[in-house]
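Commentary on secondary and tertiary structure
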Amino acid sequence: MSDSDEDAPALSAHTLAALQDFYRDTSSSSASDQFTVGAVGEDWSLSQFWYSDETAAQLAEEAVREAGEGGRIACVSAPSVYQKLKQGSVSGSDRVSAVVLEYDRRFSTYGEDFLFYDYNEPLALSNAPPQSFDFVIADPPYLSEECLTKVAQTVKYLSKGKVLLCTGAIMEKAAKALLDVKTCSFLPKHNKNLSNEFRCFVNYPSRLL
């Protein structure tokens, strides 16, 4: 050992333990931050309007409850719900798996959980086998019957049965015709106050009704 090694200050066991805890907490926080609702900013040119944190949490809780133990959840154009599921703040979220289907490739930061999705090609889903998800939540990007019709094709392809649709109240008639859903009393909220009234629709008995 050299003289310089002997003179170097040594950290106590207590200090080392504190440093290890700090780095562990920092690492955990960084991983959690990437799943914060709004971590990827809204792009209004893509008709992106994120749910409020409270709405994202309630919809994530519904998804976990209905998907069941080991269930698979598909979030179609609903990244806020996917992010809330991955935060680990929703009870039971560690017992399900989730993917996000999005046109915006910024969400590719989520790795294999990201599936590129263009509603204009509703069945171009090579990485998602048919009827492979226990629960599908969808939020079509545009309030048009043409968009909803195509998203409904995607939903039917992916779903084993349970579907939760979030869209404008003006789409109620089309939603019921396309997906045989009922209107919920629960009112979803967005971080930005939208001029269009939004509603949730389900095709199963739900606590949101």
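What comes next is a walk through the structure. (Residues numbered from 1 in each chain as written. Predicted model: local features only at pLDDT ≥ 70, side-chain atom pairs only at ≥ 80, totals over all residues. Heavy atoms only, no water.)

**Concerning the overall build of the chain**
Selection rule: Numbering goes from the N terminus for both helices and strands, where a helix is a DSSP run of H or I of at least four residues and a strand is a run of E of at least two. To sort residues, take the accessible area from a 1.4 Å probe on protein chains only and compare it with the maximum for the residue type: under 20% means buried, over 50% means exposed, and anything in between is partly exposed. Working rule for contacts: check all heavy atoms of both residues, and any pair within 4.5 Å makes them a contact. Each accessible area is a Shrake-Rupley result for a 1.4 Å probe, and residues are judged covered by the shown protein chains and nothing else.
Assigned secondary structure in the chain consists of six helices and seven strands. Looking at the chain residue by residue over its 209 residues, the buried ones come to 44%. Sequence-distant contacts, at least 24 apart, represent 70% of the contacts inside the chain between residues at least 6 apart. By element, 49% of the accessible surface of the chain is carried by carbon and sulfur atoms, the whole surface being about 11000 Å².

**Structural notes on the environment of Val181**
The topology assignment puts Val181 in the loop between α6 (172-179) and β6 (182-183). Taking the C-alpha atoms as reference points, Val181 and Val202, 21 residues apart in sequence, are found 4.9 Å from one another.

**What about unusual backbone geometry?**
A negative phi angle characterises most non-glycine residues, just as the trans form characterises most peptide bonds. Despite not being glycine, Ser77 has its phi angle at roughly 55°, a positive value. Among the structural elements, Ser77 can be located in the loop between β1 (72-76) and α4 (79-87). Phi is positive for Gln131, which is not a glycine, with a value near 50°. One can find Gln131 in the loop between β3 (114-116) and β4 (133-138). Note on Gln131: relative accessible area 43%, which makes it partly exposed.

**Overview of the packing of helix α3 (residues 53-67) against α4**
Spelled out, the test is: Fitting a line to C-alpha atoms yields each axis, with helices limited to the stretch in contact; the angle taken between N-to-C directions then spans 0 to 180 degrees. Every angle not falling under 35 degrees, over 145, or within 65 to 115 is termed oblique; those three ranges are roughly parallel, roughly antiparallel and roughly perpendicular. Here the nonpolar group is Ala, Val, Leu, Ile, Met, Phe, Trp, Tyr, Cys and Pro; Asp, Glu, Lys and Arg are the charged ones; every other residue, Gly included, is treated as polar.
It is the contact of α3 with α4, at a shortest axis distance of 8 Å, that shows an interaxial angle of 70°. When the interaxial angle is binned, α3 and α4 end up roughly perpendicular. For the pair α3 and α4, the contacting residues are Asp53, Ala56, Ala57, Leu59, Ala60 and Val64 in the first and Ser80, Val81, Lys84 and Leu85 in the second. The residue makeup of the contact of α3 with α4, split by class, is seven nonpolar, one polar and two charged.

**Side note on the state of the cysteines**
Let me state the cut-off plainly: Put simply, a disulfide is two cysteine sulfurs that come within 2.5 Å.
Per the stated rule, a full pass over the model turns up zero disulfides. Cysteine Cys184 shares no disulfide, and the gap to the nearest cysteine sulfur, in Cys200, comes to 5.6 Å.

**Regarding the sheet that holds β3**
To keep things clear, this is the line we draw: DSSP bridges decide pairing: two strands pair if at least two such bridges lie between them.
Pairing within the open sheet is mixed, and its seven strands lie in the order β3-β2-β1-β4-β5-β7-β6. Of all the strands in the sheet, just β3 and β6 have a single pairing partner and so form its edges. Bridge analysis of strand β5 (residues 159-168) against strand β7 (residues 198-202) gives five bridges, and the strand direction is antiparallel. Looking at the pairing, Gly168 lines up with Phe198 of β7. With respect to the sheet, α3 is in contact with β1, β4, β5 and β7, its orientation differing from that of β4 by roughly 160°. Docked against the sheet, α6 engages β5, β6 and β7, running at close to 170° with respect to β5.

**A short note on the pattern of salt bridges**
Heads up, the rule is: The term salt bridge refers to a pairing of a side-chain nitrogen on Lys or Arg with a carboxyl oxygen on Asp or Glu at a separation within 4 Å.
Applying the stated criterion to the full structure yields 11 salt bridges. The salt bridge involving Arg95 is made with Asp94; its shortest N-O contact spans 4.0 Å. The partly exposed category is assigned to Arg95, whose relative accessible area is 42%. On the basis of relative accessibility, which here comes to 66%, the residue Asp94 falls in the exposed class. A salt bridge links Glu197 to Arg199; the nearest nitrogen and oxygen atoms lie 3.4 Å apart. Taking the relative accessible area as the measure of exposure, Glu197 reaches 48% and is therefore partly exposed. Counted as one network, the salt bridges with shared partners bring together Glu69, Asp94 and Arg95.

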